[in-house]
Each structure stands twice: as structure tokens, then as C-alpha cells.
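Below, each chain spelled out in residue letters.
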Amino acid sequence: MSRIFSGVQPTGNLHLGNYLGAIRNFVGLQDDYECIYCAVDMHAITVWQDPADLRSNTREVAAAYLAAGVDSKRSIIFAQSTVAAHAELAWIFNCVARLGWLNRMTQFKEKAGKNRENASLGLYAYPSLMAADILAYKATHVPVGEDQKQHLELTRDIAQKFNNDYETETFPLVEPLIFGEATRVMSLRDGSKKMSKSDPSDYSRITFTDDRDSIAKKLRKARTDADPLPEKEEGLEGRPEAANLVGIYAALADLNKQAVLDEFAGAAFSTFKPALTDLAVEKFGPIGEEMKRLMADPAHVDAILKEGAERAAALAAPVMAEVKEVVGFIRP
Ligand code: TYM
């Protein structure tokens, strides 16, 4: 059976983009793959995190996985920092990846902003740790949103260079799994920016903790243009905000965008937004409720994370033994 690995950063404000672009897809893949899902707390601290918030947000990512339908018996759910293989392999990959490759990473440029000199070294090496996450388990498939594509290409480059340099076939070349109608959910305030945990405006995103009232308020305030919805998908071109809301509707309803337009062609946003609100409350609302219920029992979540860490460590152990042998580390 092929192996899946994916992760979400515990940096708070988990949102609809994380759900539709990634977490929802994690659930269905459990039928066909051995799945490992991680709360990547070591990635989170590449930018400052308050320690108490980090702890709580790590449990929240695990709770979101469970609430969405990841089954902790079939799949592995754990926190990255609890399995040492991630850090160990990341160091080896730091010595394989080239500065030039990392200089091209758009996410680093975005996150570091103008003050690059002040970004952490960890933020720069972020993609190398991400490659280690995946390859410590020799995972072959990685479900993510579109924004992670470049990082997965780098993962392939690292695997290939390692294999070439050491003349082995240790690592597989991973395949991204980017699917669904909402692989890149955009901000509700600005159709040219992706929905993100770090946007200063809470109105830019629908979060797992939003109730009906706040979902309704955020969608009511969501930016749109003045035209009614078009008949054909091509009519959404050049209308990023409209395309985004139709994409969200399609993903939540398990339809394609054209099927949504067949239903709503000619409708004004004053009609479409309440329909989208009802749908979001129906499909996304219960997941947030379940996540909150799980968060009320942190001991239960911690027990799942502990068991997950033990299972993950057992899978990583033979891979790390092989890698250390290949690299020439002695094992006295
Ligand atoms: P993170 O925490 O930013 O996002 C978690 C997942 O959500 C997806 N996503 C989106 N999808 C659609 N629309 C959006 N607006 C949107 N925003 C986020 C992301 O693509 C991601 O799949 N680097 C990763 C975490 C990571 C990882 C890994 C992923 C660390 N190691 C190994 C896969 C495999 C990240 O920052 O995700």
C-alpha cells in the first residue's frame, strides 16, 4: 500500500481553505493509503509562537483532523516534534539542498517580507524540514493545497540529489495530490490573496470556530462585484471574488463549478450569499462544533497524539537506520 504524509501548521486560525484544500481530502484517502497526518509544530516556530498558544494550537490541529473524519485507529495522527527523525533527517537534507534552490522559494520571500535579514534561519530551511517530514516515512503521495506545490518539487529535488550523490535508491519521488474544486481558496476581502491564517483581518477567512452568525456576517461582508452570476464557467474569468465564492460552494456541495452556475446563473450575490451561508453552516459548522467538543478534553487528544507518535517513530526507525548507513554515520 502506498503511504501518504501531510501536515498542517499549528499557528491558530485554522480556516476553510485548510479544510477544503487539504484536511477534507485527508479523510477519503484513508481507504486507499496508509496515512500519516502531522501537526507540524517545528515548522510553526520558524516564526514566533507564544508557547501556551502553540500547545493549544497543536491539539487543535489534531482535533480538526479527528472532527473532519480522520480515524486515529486507521491513520496516524501526531505532533512533529515528538518524533526525532524529522529533525535528524532535516539536518541531513540541509546538507543536500542547495542555497540556490531555497532562494527560489516564494513562500520564504512572502513570509520574510522586506526584512529578510531578520527572518529566522529556520524559516529559510523550512522546505528542507518539510522534505524530511515526508521522506522519513518514504511517503509517496502528499495531499496539499496548491500553495505547497513548489515545496513538493523541492522535496523531489532533494530526494533525487540524495539518491544520485550516494548512488542509492533510498528515497521515492513524491507525488502531490492537489484535488477538488477549492485547491486555492482566496481571501473573502481580496480575491487576489489566498485565505490565510496570518491575514490581519478576521473577515478574510471563515474559521473552524466560527458559528452560524459569524459565517453569515463574514459572507455578507465578503467582497464581490456588481454583476449577477454568469451562465458558464468562462464567465468567471477576471472575476476573482465571484470565482472564489462559486468554488467554495462547489467544494462544499461536492459539485463542479458549472453545476453550481447551472443552478445560480443570473442570480445576484444577495441571493447567492445566503445560499452559500446555509451550505457552509450545514457542511462546515458541525466539524467546528466537533473540534470544539474534542478541545474540551485535551487528555483524550493527547492520548491519541502519544499513540500516533509511537507508531510514527516505529515507521521512521528503519528509514533512519538505512539513511545513516548510506551517509556513513557510524552506529556503535
Ligand atoms: P499550512 O499549515 O499553511 O496549510 C495546511 C494545508 O492547507 C492548505 N491550504 C490551503 N488550501 C486551499 N486554499 C487555501 N487558502 C489554503 N491555505 C492553506 C495548504 O496547502 C496545506 O496543505 N508547509 C505546510 C505544512 C507542512 C507539510 C509538510 C505539508 C509541513 N510539512 C509535509 C505536507 C507535507 C503548510 O505550511 O501548511
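Residues numbered from 1 in each chain as written. Predicted model: local features only at pLDDT ≥ 70, side-chain atom pairs only at ≥ 80, totals over all residues. Heavy atoms only, no water.

1. Some remarks on the packing of helix α10 (residues 240–253) against helix α11 (residues 257–264)
Right, so step 1: Packing of α10 against α11 brings their axes to within 9 Å, and their N-to-C directions diverge by 105 degrees. When the axis of α10 is compared with that of α11, the two are roughly perpendicular. Together, A243, V246, G247, Y249 and A250 of α10 and K257, V260, L261, E263 and F264 of α11 make up the contact between the two elements.
Right, so step 2: Residue classes in the contact of α10 with α11 are distributed as seven nonpolar, one polar and two charged. (Axes fitted to C-alpha atoms, helices over the stretch in contact; angles between N-to-C directions. Helix = DSSP H or I, 4+ residues; strand = E, 2+ residues; numbered from the N terminus. Parallel < 35°, antiparallel > 145°, perpendicular 65-115°, else oblique. Contact = heavy atoms within 4.5 Å. Nonpolar A, V, L, I, M, F, W, Y, C, P; charged D, E, K, R; others polar.)

2. Some thoughts on the domain arrangement of the chain
Interfaces are often sized by the accessible area lost when the parts come together.
Right, so step 1: The domains assigned to the chain are domain 1 (3–182 + 298–327) and domain 2 (202–293).
Right, so step 2: Domain 1 and domain 2 are separated by 29 Å when their C-alpha centres are compared.
Right, so step 3: On the side of domain 2, 17 residues touch domain 1, which itself brings 15 residues to the contact.
Right, so step 4: Between domain 1 and domain 2 lies a buried interface of about 1,400 Å² when both sides are counted; carbon and sulfur atoms form 71% of it.
Right, so step 5: For the pair domain 1 and domain 2, the number of links is one salt bridge. (Domains from an automatic or database assignment. Buried area = accessible area lost by both parts, 1.4 Å probe. Salt bridge = Lys/Arg side-chain N within 4 Å of Asp/Glu carboxyl O.)

3. Some remarks on the packing of aromatic side chains
Right, so step 1: Inspection of the entire model under this criterion finds 16 aromatic pairs.
Right, so step 2: Taken together, a centroid distance of 5.7 Å and an interplanar angle of 10 degrees make the contact between F5 and Y137 stacked. Of this pair, F5 sits in strand β1 (residues 3–8) while Y137 sits in the loop between α7 (121–135) and β4 (141–143), and the two are 132 residues apart along the sequence.
Right, so step 3: Its relative accessible area of 2% is what places F5 among the buried residues.
Right, so step 4: Y137 gets classed as buried once you look at its relative accessible area, which sits at 0%. (Phe/Tyr/Trp six-rings, centres within 6.5 Å; stacked < 30°, edge-to-face > 60°. Buried < 20%, exposed > 50% of the residue type's maximum accessible area, 1.4 Å probe, protein only.)

4. Things to note about empty space enclosed by the protein
Right, so step 1: As enumerated under the stated definition, the model contains one cavity of 30 Å³ or more in all.
Right, so step 2: If you add up the space inside the largest cavity, you get close to 50 Å³.
Right, so step 3: Q107, F108, K111, L123, Y126, P127 and H151 are the residues that line the largest cavity.
Right, so step 4: Within the lining of the largest cavity, the residues separate by chemical class into four nonpolar, two polar and one charged. (1 Å grid on protein atoms, 1.4 Å probe; cavity = no way out; pocket = protein on both sides within 12 Å on 5 of 7 lines; lining within 4 Å. Points joined across faces, edges and corners; volume = space filled by probe spheres on them.)

5. Re the site of the ligand
Right, so step 1: Near the ligand lie 27 residues; those nearest to it are Y126, D133, D147, V185 and K197.
Right, so step 2: Within the backbone of Q9, an N or O atom sits 2.9 Å from an oxygen atom of the ligand.
Right, so step 3: In the complex, 97% of the free accessible area of the ligand, which totals 710 Å², lies under the protein chains.
Right, so step 4: More than half of the atoms belonging to the ligand lie within 2 Å of the grid points that define the largest pocket.
Right, so step 5: Class assignment of the residues belonging to the shell around the ligand gives a composition of twelve nonpolar, eleven polar and four charged. (Near = heavy atom within 4 Å. Polar contact = N/O pair within 3.5 Å; in protein donor to acceptor, adjacent residues only side chain to side chain. Areas by Shrake-Rupley, 256 points an atom, 1.4 Å probe, with all protein chains shown as cover. Sits in = over half its atoms within 2 Å of the grid points.)

6. Description of helix α1 (residues 16–29)
Right, so step 1: Between the first and last C-alpha of α1 there are 19 Å, a value that for 14 residues agrees with the 20 Å anticipated at 1.5 Å per step.
Right, so step 2: Counting buried residues along α1, eleven of its 14 residues qualify, which places the element largely inside the surrounding structure.
Right, so step 3: By the burial criterion, the buried members of α1 are L16, G17, N18, Y19, L20, G21, A22, I23, N25, F26 and L29. (Expected span 1.5 Å × (residues − 1).)

7. Here we look at the nonpolar core
Right, so step 1: Within the largest apolar cluster, 61 residues are counted, with the highest numbers of intra-cluster contacts made by L16, Y19, L20, Y65, F208, I248 and F272.
Right, so step 2: Shared between two domains, this core holds at least three residues of each, these being domain 1 (3–182 + 298–327) and domain 2 (202–293).
Right, so step 3: Setting aside anything within four residues of it in sequence, one finds Y19 in contact with R24, A68, F208, F284 and I287.
Right, so step 4: One finds F5, I134, V174 and V323 within the second-largest nonpolar core, a separate group that totals 47 residues. (Core = buried A, V, L, I, M, F, W, Y, C linked by side-chain atoms within 4.5 Å.)

8. Details of unusual backbone geometry
Right, so step 1: Unlike most non-glycine residues, E167 shows phi in positive territory, near 50 degrees.
Right, so step 2: Considering the arrangement of structural elements, one finds E167 in the loop between α8 (149–165) and β5 (175–177).
Right, so step 3: On the accessibility criterion, E167 (72% relative accessible area) is exposed.
Right, so step 4: Phi angles above zero are rare outside glycine, and D254 is one such case at about 60 degrees.
Right, so step 5: For D254, a relative accessible area of 62% gives the class exposed.

9. Some points on the side chain of S72
Right, so step 1: Residue placement: S72 occurs in the loop between α3 (51–68) and β3 (76–79).
Right, so step 2: Every residue in contact with S72, bar those within four places of it in the chain, is listed here: L66, I77, I304, E307 and R311.

10. So, the pairing of β3
Right, so step 1: Across the two faces of β3 the burial is the same, with I76 and F78 and I77 and A79 all buried.
Right, so step 2: Here strand β2 (residues 34–39) runs beside β3; their pairing, made up of four bridges, is parallel. Paired with A39 across the two strands is A79, which belongs to β3. (Pairing = 2+ DSSP bridges.)

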